[in-house]
Amino acid sequence: MDERVNAHRLDVVWDARNRYQKNIFFTVSLLRVVCQPEKRIAMLSVNEPLLIFTDLDGTLLDSHTYDWQPAAPWLYRLRERNIPLILCSSKTAAEMLHLQQTLGLQGLPLIAENGAVVQLDAHWQTQPHYPRRINGISHSEIHIVLNSLREKMHFKFTTFDDVDEQTIVDWTGLNRTQAALTRLHEASVSLIWRDSDERMTLFADQLEQMGLQFVHGARFWHVLDASVGKDQAANELIAIYQQLWQKRPATLGLGDGPNDAPLLDVMDYAVVVKGLNREGVHLQHIEPSRVYRTQHEGPEGWREGLDYFLSSDKG
Ligand SMILES: [Mg+2]
């Protein structure tokens, strides 16, 4: 009797051991499959809290024609999923609010004048500085500094304030109504530089001594407070979303110019849209899992970038 009981116990132990070994084998096999490095992993999901920040000229908009149609399917998809697409540019807030309407993004926050102006979401009435936060030195104060430098040191440049609307139409190819909006600067001055490269260095040094910076945009140069930038403005908005959503959203940035680098550097993921800028876009963190450089330019490159990071969530 005791022998039979012992034999039975032994069978039970063997069965348990076999089952355990099979489970271990299955678990290890599963882990091998799950942990298999894939060629490309969909790192972002439209089903998770996500913010997308994008430059305009040369990125979402064609540099020459301002066309954005190749990006239209993604604009629709993001709107459907309530994913904020935050325009981020050297343009004025007035010009960008007009563009938001055209793109179906009205009511969302935006970053204007290279970060010197932050337009808050239309629903954030309780936020300080609603509806618009002006960072740093005002447009009129910068204008005074520039006029003084021009008088004293004879730098050659033409600001948007120096010319009439028709001249801006000629410079930009915009219609007269849009051209009028490009002049409504609140905390920066846009200009065309007409002096030598050496004089530009001297000019930038003079600005720096007065707490200002000289930024190269897609078409023009911009003078603004040295303490502001697209990156600070983006962080400001990310903090508000984090507070509202009780979770830090993932962030994806898209840009094509050197002035987009600070923005792309503070994003979780970055798309560098192929551009014509001779200086290129130099980022601090260039891991391929974080940064994607597109084959196409303008809005086609923009679409390519979103396809790359969000392709598995297209449906
Ligand atoms: Mg650009």
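A quick note: this is a predicted structure, and the numbers were derived from the prediction, not measured. (Residues numbered from 1 in each chain as written. Predicted model: local features only at pLDDT ≥ 70, side-chain atom pairs only at ≥ 80, totals over all residues. Heavy atoms only, no water.)

Just checking my understanding: could you explain the nonpolar core for this structure?
Inside soluble globular proteins, nonpolar side chains tend to come together where they are buried. Core analysis: the largest hydrophobic core is formed by 58 residues, its most contacted members being Ile52, Phe53, Trp302 and Leu306. If you tally residues by element for this core, the top one is helix 8 (residues 230–245), at 6 residues. Each of domain 1 (53–135 + 228–310) and domain 2 (139–225) gives at least three residues to this core. Every residue in contact with Ile52, bar those within four places of it in the chain, is listed here: Leu78, Ile83, Pro84, Leu85, Ile86, Leu252, Leu254, Leu306 and Leu310. Within the second largest apolar cluster, 15 residues are counted, among which are Leu146, Leu149, Phe155 and Trp193. (Core = buried A, V, L, I, M, F, W, Y, C linked by side-chain atoms within 4.5 Å. Buried < 20%, exposed > 50% of the residue type's maximum accessible area, 1.4 Å probe, protein only. Helix = DSSP H or I, 4+ residues; strand = E, 2+ residues; numbered from the N terminus. Domains from an automatic or database assignment. Contact = heavy atoms within 4.5 Å.)

Which parts of the structure should I look at to understand the environment of Asp268?
Here Asp268 lies in the loop between helix 9 (261–265) and strand 11 (269–274). Counting along the chain gives 17 residues from Asp268 to Thr251, while the straight-line C-alpha distance between them is 5.2 Å. Those residues in contact with Asp268 that lie beyond four places of it in its chain are Arg248, Pro249, Ala250, Thr251 and Arg290. In this structure the side chain of Asp268 is engaged in a polar contact, spanning 3.3 Å, whose partner is the side chain of Arg248. (Polar contact = N/O pair within 3.5 Å; in protein donor to acceptor, adjacent residues only side chain to side chain.)

Explain the packing of aromatic side chains to me, please; I cannot follow it from the model alone.
For any pair of aromatic rings, the description rests on two quantities: the centre-to-centre distance and the angle between the ring planes. Tallied over the entire structure, the rule returns 16 aromatic pairs. Centre to centre, the rings of Trp193 and Phe203 are 4.9 Å apart; their planes meet at 35°, and the pair counts as tilted. Of the two residues, Trp193 is situated in strand 7 (residues 188–193) and Phe203 in helix 7 (residues 197–209); the sequence distance between them amounts to 10 residues. Residue Trp193 is classed as buried on the basis of its relative accessible area, which comes to 12%. (Phe/Tyr/Trp six-rings, centres within 6.5 Å; stacked < 30°, edge-to-face > 60°.)

Would you take a moment to explain the packing of helix 2 (residues 72–80) against helix 10 (residues 298–310) for this structure?
When two helices pack together, their arrangement is given by the angle between the helix axes and by the axis-to-axis distance. Where helix 2 meets helix 10, the closest approach of the two axes is 9 Å, and the angle between their N-to-C directions is 45°. Between helix 2 and helix 10, the crossing angle belongs to the class labelled oblique. Together, Trp74, Leu75 and Leu78 of helix 2 and Trp302, Arg303, Leu306, Asp307 and Leu310 of helix 10 make up the contact between the two elements. Of the residues contributing to the contact of helix 2 with helix 10, the split by class is 6 nonpolar, no polar and 2 charged. (Axes fitted to C-alpha atoms, helices over the stretch in contact; angles between N-to-C directions. Parallel < 35°, antiparallel > 145°, perpendicular 65-115°, else oblique. Nonpolar A, V, L, I, M, F, W, Y, C, P; charged D, E, K, R; others polar.)

Is there a simple way to explain the UniProt feature "active site" (unreviewed entry) in the protein in this structure?
UniProt records the feature "active site" (unreviewed entry) at Asp55, using the numbering of this structure. The residue Asp55 is located in the loop between strand 1 (50–54) and helix 2 in this model. Look at Asp55 and you get buried, because its relative accessible area is 6%. A distance of 2.8 Å separates a polar atom in the side chain of Asp55 from a polar atom in the side chain of Thr59. (UniProt positions renumbered as here; feature names shortened; annotations may be inferred.)

Hey, could you run me through the environment of Gln166 in this one?
For Gln166, the position within the fold is in helix 5 (residues 165–172). Here Gln166 falls in the partly exposed class, since its relative accessible area comes to 33%. Once the C-alpha coordinates of Gln166 and Ala180 are considered, the two residues, 14 residues apart in sequence, prove to be 9.2 Å apart.

Would you mind showing me how to read the coordination of the magnesium ion here?
Tetrahedral coordination by four donors places them ideally at 109.5 degrees to one another around the metal; octahedral coordination by six donors ideally gives 90 or 180 degrees. Those donors, Asp55 (OD), Asp57 (O) and Asp256 (OD), are the protein atoms that reach the magnesium ion, and they lie 2.2 Å from it. Ordering the donors of the magnesium ion by residue number gives the pattern D-x1-D-x198-D. Of the residues examined, Asp57 reaches a relative accessible area of 11% and is grouped as buried. (Donors = N, O, S within 2.8 Å, 3.2 Å for Na, K, Ca; no water.)

Looking at this structure, I do not really get the pairing of strand 7. What am I missing?
The side chains of a regular strand alternate, residue by residue, between the two faces of the sheet. Burial analysis of strand 7 places 6 of its 6 residues in the buried class, the great majority of the element. Residues Ser188, Ser190 and Ile192 line one face of strand 7 and the alternating positions Val189, Leu191 and Trp193 line the opposite face, and both faces are buried. In this sheet, strand 7 lies alongside strand 6 (residues 157–159) in antiparallel orientation, the contact comprising 3 bridges. Counterpart to Phe157 in the pairing with strand 7 is Trp193. In the sheet, strand 7 pairs with strand 9 (residues 221–225) via 4 bridges, with the strands oriented antiparallel. Paired with Val189 across the bridge in strand 9 is Val223. (Pairing = 2+ DSSP bridges.)

In this structure, what is going on with the pairing of strand 1? I would like to understand it.
Here strand 1 lies mainly inside the structure; 5 of its 5 residues are buried. Every second residue of strand 1 is oriented toward a common face, with Leu50, Ile52 and Thr54 on one face and Leu51 and Phe53 on the other, all of them buried. In terms of strand pairing, strand 1 meets strand 10 (residues 250–255) through 5 bridges, oriented parallel. Among the inter-strand pairings, Leu50 is bridged to a residue of strand 10, identified as Ala250.

What is the right way to look at helix 8 in this model?
Helical periodicity: at 3.6 residues per turn, an α-helix aligns residues three or four positions apart in one direction. Helix length check: helix 8 (16 residues) gives 22 Å between terminal C-alpha atoms against 22 Å at 1.5 Å per residue, within 8%. Check the buried side of helix 8 and you find it contacts strand 1, strand 2 (85–88), strand 3 (110–112), strand 4 (117–119), strand 10 and helix 9. Where helix 8 ends, the next residue or the one after it, Gln246, has phi of about 60°, a positive value. (Expected span 1.5 Å × (residues − 1).)

I would appreciate a short explanation of the confidence of the model for the protein in the present structure.
Summing up the model confidence of the protein, the mean pLDDT is 87 and the portion of residues at 70 or higher is 84%. Note that residues 24–41 has pLDDT below 50 and, in this model, 2 contacts with residues that lie over four places away or in other chains. (pLDDT = per-residue confidence, 0-100.)

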